[in-house]
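# Report on the structure
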Amino acid sequence: MDIQLKRGLLDVSVLAAIKDGESYGYKIIKDMKPYLELSESTLYTILKRLETAGMLTVRTAEHDGRLRKYYHITDSGLRRIEEFKEDWKEIVSIYRFVVKEEENE
């Protein structure tokens with residue numbers, strides 16, 4: 001898979017994992033697990049990129065005597081999910097065209 005396409009898909013997937021309320025790393029990985037495997041190092045790289053882009057905010061709070069980072073989606077992050085949904089319609093259309101061409105061979 002094209003690395004830029006995969007990167008975009010993973011970014012939107014992480015945003016979708018936190019769109020209904022703030023979350024933290026381990027929970028995000030757990031919530032995504034039925035759909036895709038994501039390593040901690042990959043997740044934290046994505047979270048940092050999304051924070052830098054203004055698509056999520058981070059707060060630190062103590063939990064069981066340890067500091068935990070909680071991630072919250074911003075309006076910009078919610079807009080990115082909506083943009084993705086529109087983009088996906090075009091991707092599906094292109095896929096159908098490619099498959100149609102293969103079926104006619």
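Whatever comes next refers back to the structure up there.
Below is a summary of the structure that appears in this document. Throughout, residues of each chain are indexed from 1 in the direction in which the sequence is written. Residues qualify for local features only when their pLDDT is at least 70, as the model is predicted, and side-chain atom pairs are given and counted only at 80 or more; totals for whole chains, interfaces and linings, by contrast, use all residues. Working from all heavy atoms in the structure, the side-chain values ignore hydrogens and water.

Helical segments are the DSSP runs of H or I of at least four residues, strand segments are the runs of E of at least two, and each set is numbered from the N terminus. Helix span, expected: 1.5 Å multiplied by one less than the number of residues in the helix. The end-to-end C-alpha distance of helix H3 (residues 40–52), which contains 13 residues, comes to 18 Å, matching closely the 18 Å that a straight helix rising 1.5 Å per residue would cover. Listed in full, the buried residues belonging to H3 are Leu43, Ile46, Leu47 and Leu50. For H3, the angular spread of buried residues about the axis comes to 100°, placing them on one side. Turned more than 90 degrees away from the buried face of H3, the exposed residues are Ser41 and Thr52. Contacts are assigned to residue pairs with any non-hydrogen atoms lying within 4.5 Å of each other. For H3, the secondary structure elements touched by its buried residues are helix H1 (3–18), helix H2 (25–32), strand E1 (56–63) and strand E2 (66–73). Burial classes follow relative accessibility: with a 1.4 Å probe on protein chains only, a residue under 20% of its type's maximum area counts as buried, one over 50% as exposed, and anything between as partly exposed. Note: the arc covers the axis-to-C-beta directions of the helix.

Let us now look at the packing of aromatic side chains. A pair of aromatic rings is counted whenever rings of Phe, Tyr or Trp (Trp by its six-membered ring) have centres within 6.5 Å, and the orientation is called stacked for planes under 30 degrees apart, edge-to-face for over 60 and tilted otherwise. Applying the stated criterion to the full structure yields two aromatic pairs. For the pair tyrosine 24 and tyrosine 70, a centre-to-centre distance of 5.9 Å together with 75° between the ring planes defines the contact as edge-to-face. With tyrosine 24 in the loop between H1 and H2 and tyrosine 70 in strand E2, the pair connects residues that are 46 residues apart, well separated along the chain. Judged by its relative accessible area of 13%, tyrosine 70 falls in the buried class. For a lysine, the NZ atom is tested; for an arginine, the CZ atom; a charge sits over a ring if that atom is within 6 Å of the ring centre and within 35 degrees of the ring normal. For arginine 59, the ring lying beneath its charged end belongs to tyrosine 70, and the centroid distance is 4.6 Å. In this structure, arginine 68 is placed above the aromatic ring of tyrosine 24, and the distance from its NZ or CZ to the ring centre is 3.6 Å.

Right, let's talk about the pairing of E2 for a bit. As paired strands, E1 and E2 are joined by eight bridges and run antiparallel to one another. In the strand pairing of E2, alanine 61 is matched with arginine 68. What makes two strands pair is DSSP finding at least two bridges between them. Linkage of E1 to E2, two consecutive antiparallel strands, is achieved through a turn of two residues, within which aspartate 64 is found at a positive phi near 50°.

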